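Listed below, chain by chain, are the residues.
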Amino acid sequence: MSTGPVGRRERNKAEKQDRIFAAAANLFEERGFDAVTTAEIAEAADVGAGTLFRYAATKGELLLMVLNERLREQRPLPPGTPVDDAVCLVIEPLLDVALTHPENFAAYQREVMFGPVGAYRSEALAGIVELERRVGALLRSELTNDPGMTEVEVGRLFLSMVYIELVRVGIGSGTGDVVRAGLRARLAVVRHGLRGLDSI
């Protein structure tokens with residue numbers, strides 16, 4: 001049995017998905033989520049509306065697809081990076097997206113919390129848990145005793161503060177520098193508290 005046509009079909013499918021992804025990413029970046037229509041994304045990707053909806057059922061899913069990819073980007077942590085710097089590096093993709101395009105990030109959060117069940121939403125939820133785990137692993141790495149919380153729970157202690165600050169940015173309170181400085185201060189408090197638990 002020949003595999004040529006199947007391979008070509010899969011390549012065409014991947015190429016269309018790449019075009020849709022690039023078109024959605026560019027338009028959301030240039031004009032913001034609310035101002036962009038799915039018809040404009042389809043036109044920019046040079047696909048029909050029906051084709052577009054085979055890859056993502058809604059505009060919200062297109063945003064999830066785009067920002068899930070952005071939030072997966074991670075810089076390598078150089079060996080010996082201090083814990084506070086390492087945590088800040090790990091959360092930087094999240095801060096970058098939220099501070100650069102608050103409207104898109106607010107829409108992303110709505111889709112993650114209230115959007116329909118689907119692969120892109122599941123991927124976003126899994127990404128949040130993985131971010132919590134990575135942050136929690138860093139915070140637990142400087143403890144000698146078990147704090148009685150999993151890595152995810154420890155990471156959630158700090159990331160809950162991060163999300164509250166990003167909501168404030170979304171409603172027009174705070175700038176990037178102020179948010180980053182504030183989060184550094186809150187991280188110091190969380191680390192101090194965990195070290196206090198460690199000594200009990």
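Residues numbered from 1 in each chain as written. Predicted model: local features only at pLDDT ≥ 70, side-chain atom pairs only at ≥ 80, totals over all residues. Heavy atoms only, no water.

(A) Molecular detail of the overall build of the protein chain. Counting its secondary structure elements, the protein chain contains nine helices and zero strands. Along the protein chain, helices (α) and strands (β) appear in the sequence α-α-α-α-α-α-α-α-α when read from the amino end. Among the 200 residues that make up the protein chain, the fraction classed as buried is 38%. Summing over all exposed atoms, the protein chain offers an accessible surface of approximately 10,900 Å²; the carbon and sulfur share of this is 57%. Side-chain charges of the protein chain comprise 24 positive and 28 negative groups, with the mean position of each set lying 3 Å from the other. (Helix = DSSP H or I, 4+ residues; strand = E, 2+ residues; numbered from the N terminus. Buried < 20%, exposed > 50% of the residue type's maximum accessible area, 1.4 Å probe, protein only. Areas by Shrake-Rupley, 256 points an atom, 1.4 Å probe, with all protein chains shown as cover. Lys, Arg positive; Asp, Glu negative; His and termini not counted. Charge placed at Lys NZ, Arg CZ, Asp CG, Glu CD.)

(B) Representation of the packing of helix 6 (residues 102-114) against helix 7 (residues 119-140) within the structure. Across the interface, helix 6 lies against helix 7 with an axial gap of 9 Å and an inter-helix angle of 100°. By the angle class used here, helix 6 and helix 7 are roughly perpendicular. Counted together, Tyr108, Glu111, Val112, Met113 and Phe114 of helix 6 and Arg121, Ala124, Leu125 and Ile128 of helix 7 form the full contact between these two elements. (Axes fitted to C-alpha atoms, helices over the stretch in contact; angles between N-to-C directions. Parallel < 35°, antiparallel > 145°, perpendicular 65-115°, else oblique. Contact = heavy atoms within 4.5 Å.)

(C) Region of interest: the nonpolar core. Judged by nonpolar contacts, the single largest core of 54 residues is most densely connected at Leu139 and Phe158. Residues in contact with phenylalanine 158, not counting those within four places in the same chain, are Val87, Ile91, Val135, Leu139, Leu183, Arg186, Leu187 and Val190. (Core = buried A, V, L, I, M, F, W, Y, C linked by side-chain atoms within 4.5 Å.)

(D) Quick look at the layout of surface pockets. By volume, the largest pocket is sized at about 480 Å³. Together, 26 residues line the largest pocket, and Ala124, Gly127, Ile128, Leu131 and Tyr163 are the ones closest to its centre. Listing elements by their share of the lining of the largest pocket, those giving two or more residues are helix 4 (59-72), helix 5 (83-100), helix 6, helix 7 and helix 8 (151-170). Sorting elements by how many residues they give to the lining of the largest pocket places helix 7 first, with nine residues. By residue class, the composition of the lining of the largest pocket is 15 nonpolar, five polar and six charged. (1 Å grid on protein atoms, 1.4 Å probe; cavity = no way out; pocket = protein on both sides within 12 Å on 5 of 7 lines; lining within 4 Å. Points joined across faces, edges and corners; volume = space filled by probe spheres on them. Nonpolar A, V, L, I, M, F, W, Y, C, P; charged D, E, K, R; others polar.)

(E) Expanded view of the side chain of arginine 121. Mapped onto the secondary structure, arginine 121 falls in helix 7. Despite its burial, arginine 121 remains without a salt bridge, the nearest opposite charge being carried by glutamate 111 at 6.9 Å. A distance of 3.4 Å separates a polar side-chain atom of arginine 121 from the backbone oxygen of glutamate 111. Among all residues touching arginine 121, those that are not within four sequence positions of it are Leu64, Glu111, Val112, Met113, Phe114, Gly115 and Pro116. (Salt bridge = Lys/Arg side-chain N within 4 Å of Asp/Glu carboxyl O. Polar contact = N/O pair within 3.5 Å; in protein donor to acceptor, adjacent residues only side chain to side chain.)

(F) Geometry of unusual backbone geometry. The backbone of aspartate 46 sits at a positive phi, close to 60°, despite the residue not being glycine. Mapped onto the fold, aspartate 46 is located in the loop between helix 2 (38-45) and helix 3 (49-55).

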